[in-house]
Amino acid sequence: MGILALLVFIAVTVMMNVPFKRPISESLLVALLATALVGGKDALSLLWTGVWGALDNDVTFAGMAFVFMGVIVSATGLIERLIEIFNSVFGRLRGGAAYVSTAGSAAIGLVAGSTAGNAATVGSVTIPWMKENGWSGARAATLVAGNSGLGVALPPNSTMFIILATPAAVGVSAGDVYVSLFIAGAYCVLYRMLVVFVWTRRDGIQRTDSRHLATFGQALSTGWTSMTIFAGILIPVLLTFGPLFNWLESEARIGEAAMGEISIIVWVPILISAIALIEGRKRLRGNWGQLRRAIRAEAPQFATVGISLFAALAASNIMSELGVGPQLSETLAQMDLPKPLLILVVCLTAVLVATPLSSTATAAAIAAPAVIALSTVGVPPVVAICALLVCTSTEGASPPVGAPIYLASGMAEVSPQRTFVPLIVWFVVPVIAIAWLIAMGWLPIPS
């Protein structure tokens, strides 16, 4: 039933959105109901479980919070001042804003493994900057959503540790996986840099005339306070990973349970909104009516992002209840295929499961049989784990469910469905190819 529910969800969403041209939020709601109906007499209880899980998920709140944050940041002019500083450094490069967005996603991926958090933290700064430098909103949203997978393709992340905890990873060193995944992730980063290079020329993005750019010193002297926006990113990161987190999670201080409740994708929009209001208070003085009008104008976007995320997450919960993971695992384990084809089947299965589920849920569901299946055809366990992690990194870029798609589209103020085909063509399919090449040993990593 789980596999059937997955197929129904994808089919209904595509049918409603493409042939019938219904809004993506409406399409996902209908798909959610159709997915629940696959459960037959248990449809209502499944729907309740899915809905409750979605309401209790941080991503549902974060999606709307980032739309609100974008309105605040725009109204205060903070982004304009920040862009001028960035432009003074990178604006002289053709397509510079997109290169920085990609590098930023990689940097965040090295400290935080959440695809939604990656898109949120990087997109909040680089999407407005890209649009300011000639990139379309759809292109900016596609790049940020596509790059969000670097949170899983680079170590460390929770998905990696879940796989290491499976019986299939017995005897595999976490340190070996860390180093190997770093190199595998580097291939993914280099590919994305190539994508930016190609897009820059296809879209005709021109180098900014340096004669019209302020020097770094000039830009910094007039807009240095705008740099405080990064505190809204840095503080949640420090509180969720690293030495400060380790020190605070001691039971003698705050404790592991309390520290574990801190969500980066919840606190980033809250802190950045607060910082923007403080930093831009002079500009807002006497113009609060303008801010209220801007918020009202974004009401449709609030609804689209919120409803879409809610429906996608609820449907994912229903599919999990119907056992999509174990069913796909069993099917995979029964296959007797040659090495190249088996690797491709494993990669496609991981991507398929990661479309409605999170990368962590995907790892929990199919990691053991996938690693074992790859090992039977001579793929070293470390390489198999890294290939699987690269595949599940498509979680954020896989339409129509990936949360980063809606986060990035909301910040870019574009319809999410405009990113669907580009994400598949430029990110999902190539990432599958990278994972396949890694598993085949043609993109070498330590094993």
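Refer to the preceding data block for the structure.
Residues numbered from 1 in each chain as written. Predicted model: local features only at pLDDT ≥ 70, side-chain atom pairs only at ≥ 80, totals over all residues. Heavy atoms only, no water.

What follows covers unusual backbone geometry. In this structure, Pro-400 follows Pro-399 across a cis peptide bond, with omega equal to 5°. Examined against the element boundaries, Pro-400 turns out to sit in the loop between helix 23 (381-392) and helix 24 (403-412). For Glu-413, which is not a glycine, the phi torsion comes out positive at approximately 60°. If you trace the backbone, Glu-413 turns up in the loop between helix 24 and helix 25 (420-440). (Helix = DSSP H or I, 4+ residues; strand = E, 2+ residues; numbered from the N terminus.)

Further remarks concern the environment of Leu-143. Mapping Leu-143 onto the fold places it in helix 8 (residues 137-147). The class for Leu-143 is buried, based on a relative accessible area of 0%. Not counting chain neighbours up to four residues away, the residues in contact with Leu-143 comprise Ala-98, Ser-101, Thr-102, Met-130, Val-196, Trp-199 and Phe-427. (Buried < 20%, exposed > 50% of the residue type's maximum accessible area, 1.4 Å probe, protein only. Contact = heavy atoms within 4.5 Å.)

It is worth spelling out the packing of helix 8 against helix 24 at this point. Closest axis-to-axis distance for the helix 8/helix 24 pair is 8 Å, and the angle between their directions is 145°. In the packing of helix 8 onto helix 24, the handedness of the crossing is right-handed. Contact residues: Gly-137, Ala-141, Val-144 and Ala-145 in helix 8; Pro-404, Ile-405, Ala-408, Ser-409 and Ala-412 in helix 24. (Axes fitted to C-alpha atoms, helices over the stretch in contact; angles between N-to-C directions. Left-handed = near helix turned anticlockwise from the far one by under 90°.)

For Glu-279, the location among the structural elements is in helix 16 (residues 264-279). Glu-279 sits in the buried class, given a relative accessible area of 14%. Contact partners of Glu-279, with chain neighbours within four places excluded, come to Leu-78, Arg-81, Thr-225, Ser-226 and Thr-228.

A contiguous nonpolar patch, built from Val-89, Phe-90, Leu-93, Phe-216, Leu-220, Trp-224 and Met-227 and spanning about 620 Å² of accessible area, is present on the exposed surface. For the nonpolar patch, the secondary structure elements donating two or more residues are helix 5 (78-90) and helix 12 (216-223). (Patch = residues over 30% accessible without salt bridge, like charges linked within 9 Å, V, L, I, M, F, W, Y side chains within 5 Å. Areas by Shrake-Rupley, 256 points an atom, 1.4 Å probe, with all protein chains shown as cover. Salt bridge = Lys/Arg side-chain N within 4 Å of Asp/Glu carboxyl O.)

Purely geometric stuff here, so don't read any function into it on its own.
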